[in-house]
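A closer look at the structure
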Amino acid sequence: MTAESSTGPARRIFVAGHRGMVGSAICRRLAREKAEIITRTRAELDLTDQRAVAEFFANERPDAVILAAARVGGILANDRQPVDFLQDNLQIQTNVIAAAADHGVRRLVFLGSSCIYPKFAEQPIREDALMTGPLEPTNQWYAIAKIAGVYLCQAYRRQHGLSYVSAMPTNLYGPNDNFDLATSHVLPALIRKFVEARETGAETVEIWGSGTPLREFMHVDDLADAIVFLLETYDGDEPINVGSGQEVSIRDLATLIAREAGFAGELRFDATKPDGTPRKLMDSGRLHALGWRPRVALEDGIRQTIRWYLDNRAALGADGRTGSSQ
Ligand SMILES: NC(=O)C1=CN([C@@H]2O[C@H](COP(=O)(O)OP(=O)(O)OC[C@H]3O[C@@H](n4cnc5c(N)ncnc54)[C@H](OP(=O)(O)O)[C@@H]3O)[C@@H](O)[C@H]2O)C=CC1
Ligand SMILES: C[C@H]1O[C@H](OP(=O)(O)OP(=O)(O)OC[C@H]2O[C@@H](n3cnc4c(=O)[nH]c(N)nc43)[C@H](O)[C@@H]2O)[C@@H](O)[C@@H](O)C1=O
């Protein structure tokens, strides 16, 4: 294990999870850099397979890694599949981070999530709120795994001097999102629901929970730009928040998407579904102080993502996830 801890451009970058929403956006963004991008589909490399991951790193020798592969899902999937969200994420991140360290990877960016912060953290949430209070019960399993990932990066830095960092994105949306209503996040779910309601002439659309929770949304192209910026410039022990500052209630988000999708009917709130955390607006002041700012306004991003969904839904699987052709 070597301990070269400089920032700066990487040459061979392994983007883990390149077929996902975040990984694909990172690949689009990296195409503008002088870097060779290494990818593997899940069929080629199951990241929960420790031996296969070690072999891959021994053969490919990337000098940087962006870890955007994970078991990801919305509030209900997190709540109903605690084993999958805890176990898959612990395995994927531990295998990748450990193999990277064992095979001389110089730089690694681990993606956490704003849900790792305490449910009732002071708003906007600063990085030092981590581990200061109880987690939101619906996604505590996923959060515990992600917290372990943050600590593993810090541990490799402390014990082996490695330059591994963690970024905490807020709620994301954009091309290649998951539009499966059972497992998706709210924004793609509402795009699909309102588009289909307009097409079928449905009079109501069901919105989970009370509509009062507040969420901060960022377009995935902004996130990808921030991750490449951090890969090249950030070498800190602390995780760093990546937010947009664009906060909206679920009711207002639904109203906005309904308008953009051309749905004029009624919103019906389903109180049997969980609200989750009441608010999670991140303080992204540290990232801004480094000189990075988001660009995509929420309305523009939603309009663009509705267009993407309309243009691409035929190629999505029946469940609304990107097919295996990429
Ligand atoms: N979406 C969001 O709102 C947020 C996401 N994040 C973080 O960003 C990262 C990416 O999320 P996102 O792009 O939305 O998620 P996606 O589900 O769109 O993508 C995840 C990717 O990981 C791959 N993957 C999952 N399990 C394995 C495995 N065992 N072996 C190999 N590959 C695997 C998937 O492969 P396959 O295509 O085969 O399924 C997919 O390409 C995650 O770390 C997530 O926690 C953080 C905050 C918010
Ligand atoms: C990114 C983050 O994402 C997850 O947390 P979340 O922000 O609570 O996730 P969500 O997008 O699924 O819901 C946001 C809000 O929206 C409401 N809501 C309304 N109607 C629908 C709906 O149709 N689908 C969904 N999914 N939610 C809906 C829903 O009830 C909730 O109040 C974490 O588990 C964790 O994985 C994580 O890191």
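Residues numbered from 1 in each chain as written. Chains lettered and ligands numbered in written order. Predicted model: local features only at pLDDT ≥ 70, side-chain atom pairs only at ≥ 80, totals over all residues. Heavy atoms only, no water.

The final tally for this structure, using the stated rule, is one cavity of 30 Å³ or more. Each pocket or cavity is described by its volume, and for the largest cavity that value is around 70 Å³. In this structure, the largest cavity is lined by 13 residues; those nearest its centre are S114, Y117, P118, T277 and K280. A per-class count over the lining of the largest cavity returns five nonpolar, four polar and four charged. (1 Å grid on protein atoms, 1.4 Å probe; cavity = no way out; pocket = protein on both sides within 12 Å on 5 of 7 lines; lining within 4 Å. Points joined across faces, edges and corners; volume = space filled by probe spheres on them. Nonpolar A, V, L, I, M, F, W, Y, C, P; charged D, E, K, R; others polar.)

Among the nonpolar cores identified, the biggest contains 40 residues, and F14, L47, F57 and Y164 are the most heavily contacted of them. Secondary-structure elements contributing two or more residues to this core are β1 (12-16), α2 (50-60), β3 (64-67), α4 (82-102), β4 (107-111), α5 (140-160) and β5 (163-169). Ignoring any residue separated from it by four or fewer positions in sequence, one finds F57 in contact with F14, P62, V65, V96, A99, A100, H103 and V105. Among the nonpolar cores identified, the runner-up in size contains 31 residues, and I66, A224, V228 and V242 belong to it. (Core = buried A, V, L, I, M, F, W, Y, C linked by side-chain atoms within 4.5 Å. Buried < 20%, exposed > 50% of the residue type's maximum accessible area, 1.4 Å probe, protein only. Helix = DSSP H or I, 4+ residues; strand = E, 2+ residues; numbered from the N terminus. Contact = heavy atoms within 4.5 Å.)

What the six strands build is an open sheet, ordered β2-β1-β3-β4-β5-β9; its pairing is parallel. A strand with exactly one partner marks an edge of an open sheet, and here the two such strands are β2 (36-38) and β9 (240-242). Ignoring which end each strand starts from, the neighbouring axes of this sheet average 25° apart. Against the sheet, helix α7 (residues 220-233) contacts β1, β3, β4, β5 and β9, and its axis sits at roughly 145° relative to β4. (Pairing = 2+ DSSP bridges. Axes fitted to C-alpha atoms, helices over the stretch in contact; angles between N-to-C directions.)

Take the site of ligand 2 next. The local shell around ligand 2 holds 22 residues, among which S113, K193, R215, P274 and D275 are the closest. Within the contact set of ligand 2, an oxygen atom lies 2.8 Å away from a backbone nitrogen or oxygen of V186. Here ligand 2, which alone exposes 690 Å², has 98% of that area covered by the protein. Of all the elements in the fold, those that place two or more residues in the shell around ligand 2 are α3 (75-80), α6 (186-200) and β7 (204-208). When its residues are assigned to classes, the shell around ligand 2 shows 10 nonpolar, eight polar and four charged. (Near = heavy atom within 4 Å. Polar contact = N/O pair within 3.5 Å; in protein donor to acceptor, adjacent residues only side chain to side chain. Areas by Shrake-Rupley, 256 points an atom, 1.4 Å probe, with all protein chains shown as cover.)

Right, let's talk about the pairing of β5 for a bit. In terms of residue burial, β5 counts as a mostly covered element, since seven of its seven residues are buried. Residues of β5 alternate between two faces, with S163, V165, A167 and P169 on one and Y164, S166 and M168 on the opposite face, all of them buried. Of the strand pairs in this sheet, β4 and β5 are connected by five bridges, and their pairing is parallel. Each bridged residue has a counterpart across the sheet, and for L111 the counterpart in β5 is A167. Viewed along the sheet, the connection from β4 through α5 into β5 turns out right-handed. Note: β5 against β9, three bridges, orientation parallel. Counterpart to M168 in the pairing with β9 is N241. (Right-handed = clockwise from strand over helix to strand, strands pointing away.)

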